[in-house]
Structure formats: C-alpha cells, structure tokens
Amino acid sequence: MSFTQLGLSDDIVRAVSEQGYTIPTPIQTQAIPAVLAGGDLLAGAQTGTGKTAGFTLPILQRLAAKSINPAAARRPIRALILTPTRELAAQVEESVRVYGKYLKLNSAVIFGGVGINPQITLLKRGVDILVATPGRLLDHMQQGTVDLSQIEILVLDEADRMLDMGFIRDIKKVLAALPKQRQNLLFSATFSDEIKALADGLLNAPAMIEVARRNSTVEVIAQKVHPVDRNRKHPLLSHLIKTQQWSQVLVFTRTKHGANKLVEQLGKESISALAIHGNKSQAARTRALSEFKDGSLQVLVATDIAARGIDIDQLPHVVNYDLPNVPEDYVHRIGRTGRAGATGEAVSLVCVDEHGLLKDIEKLIKRTLPQEVVAGFEPDPNATPQPIQLRSGNGGGGRRPQQQKAPANSSRNGHGGAKPAGPSKTGASNRPGGKTAPPHRSGGRGR
Ligand code: AMP
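Residues numbered from 1 in each chain as written. Predicted model: local features only at pLDDT ≥ 70, side-chain atom pairs only at ≥ 80, totals over all residues. Heavy atoms only, no water.

Brief notes about the overall build of the protein chain
Across its full length, the protein chain holds 14 helices and 13 strands. By the burial criterion, 57% of the 447 residues in the protein chain qualify as buried. A sequence separation of at least 24 residues applies to 78% of the contacts in the protein chain between residues at least 6 apart. Carbon and sulfur atoms form 50% of the exposed surface of the protein chain, whose accessible area is close to 18,200 Å². (Helix = DSSP H or I, 4+ residues; strand = E, 2+ residues; numbered from the N terminus. Buried < 20%, exposed > 50% of the residue type's maximum accessible area, 1.4 Å probe, protein only. Contact = heavy atoms within 4.5 Å. Areas by Shrake-Rupley, 256 points an atom, 1.4 Å probe, with all protein chains shown as cover.)

Dropping the structure here:
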C-alpha cells in the first residue's frame, strides 16, 4: 500500500516522500480513506503511530480540493485542530506546514504562555487551518479575535488527555461556536466513559478504527529496570550516560523540583541537560526542546507534562528516573522512544520506595520487566521504603483541581473499572478490554 493508493494527490505524496515516508502506517491506511470520504471518525491511536499524518494529510487534500470564495474579505478558518498541550499544538502545526508545503493553504498555531497580539495579527491575515489549545482559543473567542463560523473540519487530538486536563467545558464552548454541518475527527489513546460521552454527542455515525492495543507498550521498545538505592539514582544515571555513550536521552522525573535538581547535578558533571515542565516559560520550553531535537543538548529532563507532546524521530533512550505514580503514564513516557518502527530503549531506575508502583505498571502492561543490577550500584537489601513525594510545590498548571494521587503502594484498580467504550475495529488490533484509564495529572497547560 502506498500513499498514492490511499487517494492522496501528487502534491501531498511528494511532501510526504520528502519526509522519507514510503509506506503508510496502519492508522494512516485506515484513517486517510475514511477522512477523505467526508464522514466522522473515532480513532483509537496513541502517539507514535503516525496519527498526525493520519488526519493532517486527508484534511489538506479535502481543503485543497475545494477552493474558497475569492470574493471573501478574508480567508476563513476551515479546519480546527484542538490539542491538549502547547508542544503538541506546535508539532501538529509544523506537520501541517510540512505536508502542505506544495499546496496553497496556510496554517497557524495558537496557545497560551506567549503574547496574544502576534496571534491576533496572524488570525487577521487569514488562516485555513488553525491548531490551538482550548484555553487560548477560548480567550480569542471571548475577545472576538477568531471566527469559527466557517469551520468544515474539527479534530480533537488526544481527546483523553484534554479531558484529563479539565478542558471539557472549554471544548463544549468551542463546539457551540462551530457550524452544525461539519466533519468531526476524534483521536484518543484511551476510552473512558467521559470520552465515550463526548464521542456520542459529537460524532455522527463515525467510522471507527483502532490500531494500537490500549495500555500496551510498543513491542520494539526494550525495557528494563535497574534496582538502585534512592540516593544513588543520580550517580547511576551519570554512569549510564557516560559508559553507554548516550547522546540523546529523555529523562522523566516525578516532580519539577526533582527535574531542576537533576539538571543541576548533571551540569556539574559536564553533561548538558535542561528541564522542561509546567513552571518553565514557553520560551525556555521551546528552547530546550529545539536544542534537544537538533542534538546540541544531551539530556532533556521532563515531568509528565512533556510525555505527550514530545515528538522526536527515533529517540533512542528514555529513562524513568522516578517511576510515574499513574501507571498509564509509564506507557505514554516510553512511547517517546521506538516511534514509527524505530527501536528504542526504556530504562527505569527503581528504588525500594517504588516497588508498589512497579507492580502496578507491570500489571497494566501485562508483563514483568527484566531487572538488571548495575555493578557498583547494588541496592541495600535492608533499605526500608519511605513515602514518595508526589509533587513539588503547588500546581501542575492544569485548570481544575488536581486529582487525588494514589498512595505509593496502592493499586489503582479502584478507578473507573467501567467497561471499555472504545471503537469497534475495522483494522488490526487486539485491545484487551476492561480497564479505564485513571485520571492523569494535569501537567501541561492549554492556555
Ligand atoms: P505521530 O504518532 O503522529 O506523533 O507520529 C509519530 C512519528 O512517526 C513522527 O515522528 C512522524 O514523523 C513519523 N511518521 C508518520 N508517518 C510515518 C510513515 N508513514 N512512515 C514513517 N514514519 C512516519
């Protein structure tokens, strides 16, 4: 199967080939014809599956095929893509630009944390495809600086994450401002009852596709656990980076304070590192991400805010410096490596305090992770567990009060338990049923 066979125009196929893609991924094979056909779509797909091109390519094609009224005073916004985080919004819009480079369509991205005036100027000039986070879009709506009355296609990308981050009310306000007649595409990695309710209210006889097993970890990722004492994690990480010559490694910490501290410690050892989390300015986050992407920064330390937004081709190493206290975040975190068929390695540094969290993760992914003690970093067999500090300071930046965190050793199975409400399949998938994703922390901001 080629991109041409999916019904995409030469201009789009050319741009896609220039990215080095020759074969559509499974989500693309299914989503592209479905979106080109003009109907609604409910898609179960995680990041790393190629879902962005799965909706971007057919949207570009549909918009390019139908020219707008040249007499219109300004080109109206015809497609709106909502994403949960600023980083993801920026990446999606970059994809729109890259894939649409041979078309006469333009795009813009709007999100919070940066000045609103340049965005107003952009919107005034006329935009065909707008990528936005819900909070900032609402700001523009309230100021009357965005006109959504001509939207033909709406995409809710990572809808589960948007709901976890408390954006449902914002999304509803946006939906109310859209024309009734439009095409709706909803992408979500998990299917809670909340997502099901949103999909029921939004989608009209949608095509339903699903490509990745829910809560499964991508097979090409080699995963292992290094047991280590709590206060030896940092020396162990430095040791691994140096001895294994890791040139680009994404490290997850549980707290913003932990991220900052680790950056400082690595810096003292001449390992270049920057942190990316909710307390960093947008400029600092963008800078860290771009230096990491271009290879000038060796280590990017992130809290879970970044887990969904970061898209770096073939990221070879992800390290869980702390295990996440929500097991599903483990899957999201390690999904940053081994993307779109590349192989990757995910390493977790686990101390005695985290044995309960590790058990919860292994239960979720239905496999026991191999453990490997690194010589010189053997954990003290008599160490006793201490309570885990779940957050540093106030606020992950979300827009609603944060969910109660599970105690370190508790099982999270008490959450939800609702029957899965995911889409039925037309494609290859074997999603095990039964577990609804528990609430995620709201780390990123849509504003
Ligand atoms: P996404 O799931 O949209 O975040 O995409 C994950 C990664 O896969 C991105 O880095 C894309 O550039 C890459 N990608 C998307 N489609 C393809 C394809 N057909 N072949 C190879 N890589 C792809």
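Brief notes about helix α13 (residues 327-334)
Burial of α13 is extensive: eight of the eight residues sit out of reach of the surface. Those residues of α13 that sit buried are P327, E328, D329, Y330, V331, H332, R333 and I334. Residues of α13 that are buried make contact with α7 (159-164), β8 (221-227), β9 (249-252), β12 (317-320), β13 (344-350) and α14 (355-365).

A look at the pattern of salt bridges
A complete count under the given rule lists 19 salt bridges for this structure. Measuring nitrogen to oxygen at the nearest pair gives 2.6 Å for the salt bridge that ties E18 to K101. With E18 in helix α1 (residues 10-18) and K101 in the loop between α4 (86-99) and β3 (107-110), this pair connects stretches of sequence that are 83 residues apart. What makes K101 partly exposed here is its relative accessible area of 45%. Salt-bridge contacts for K224 lead to E372; the nearest nitrogen and oxygen are separated by 3.6 Å. (Salt bridge = Lys/Arg side-chain N within 4 Å of Asp/Glu carboxyl O.)

Thoughts on the sheet that holds strand β2 (residues 79-82)
With parallel pairing, the seven strands of this open sheet are ordered in space as β3-β4-β2-β5-β6-β1-β7. Edge positions in the open sheet fall to β3 and β7 (207-210), since each of these has one partner strand only. This sheet shows a mean twist of 10 degrees between the axes of neighbouring strands, independent of strand direction. Pairing analysis gives four bridges linking β2 to strand β4 (residues 129-132), with the strands arranged parallel. When the sheet's bridge partners are listed, L80 is paired in β4 with L130. On the sheet, helix α9 (residues 193-202) packs against β1 (41-44), β5 (153-156) and β6 (183-188) and is oriented at approximately 170 degrees with respect to β6. (Pairing = 2+ DSSP bridges. Axes fitted to C-alpha atoms, helices over the stretch in contact; angles between N-to-C directions.)

Digging into the nonpolar core
Residues L41, L57 and L185 are the most contacted members of the largest nonpolar core, which totals 39 residues. With residues up to four places along the chain from it excluded, the contact list for L185 reads V35, G39, L41, F55, I59, I153, L154, V155 and L156. One finds M165, V174, I195 and L203 within the second-largest nonpolar core, a separate group that totals 33 residues. (Core = buried A, V, L, I, M, F, W, Y, C linked by side-chain atoms within 4.5 Å.)

With respect to unusual backbone geometry
Excluding glycine, a negative phi dihedral is what most residues carry, and trans is how most peptide bonds are arranged. Phi is positive for E158, close to 50 degrees, though the residue is something other than glycine. Inspection of the secondary structure assignment puts E158 in the loop between β5 and α7. Non-glycine residue K366 carries a positive phi angle of around 60 degrees. Looking at where K366 falls in the secondary structure, it is placed in the segment after α14.

Regarding helix α6 (residues 134-143)
For an α-helix the count is 3.6 residues per turn, leaving residues at separations of three or four pointing the same way. The element α6 is extensively covered by neighbouring structure, given that seven of its ten residues are classed as buried. For α6, the complete set of buried residues consists of P134, G135, R136, L137, L138, D139 and H140. Among the structural elements, β2, β3, α5 (117-125), β4, α7 and α8 (168-176) are those in contact with the buried residues of α6. In the segment just after α6, G144 is the residue with positive phi, at about 70 degrees.

Focus: the packing of aromatic side chains
What the rule picks out here adds up to two aromatic pairs. Arranged with centres 6.2 Å apart and planes meeting at 65 degrees, the rings of Y21 and Y99 form a pair that is edge-to-face. Taken as a pair, Y21 in the loop between α1 and α2 (26-36) and Y99 in helix α4 lie far apart in primary sequence, 78 residues in all. Judged by centre distance (5.1 Å) and plane angle (55 degrees), the rings of F55 and F187 are tilted. Here F55, found in helix α3 (residues 51-65), pairs with F187, found in strand β6; they are 132 residues apart in sequence, far enough to count as distant. Relative accessible area serves as the criterion here: at 0%, F187 is assigned to the buried category. (Phe/Tyr/Trp six-rings, centres within 6.5 Å; stacked < 30°, edge-to-face > 60°.)

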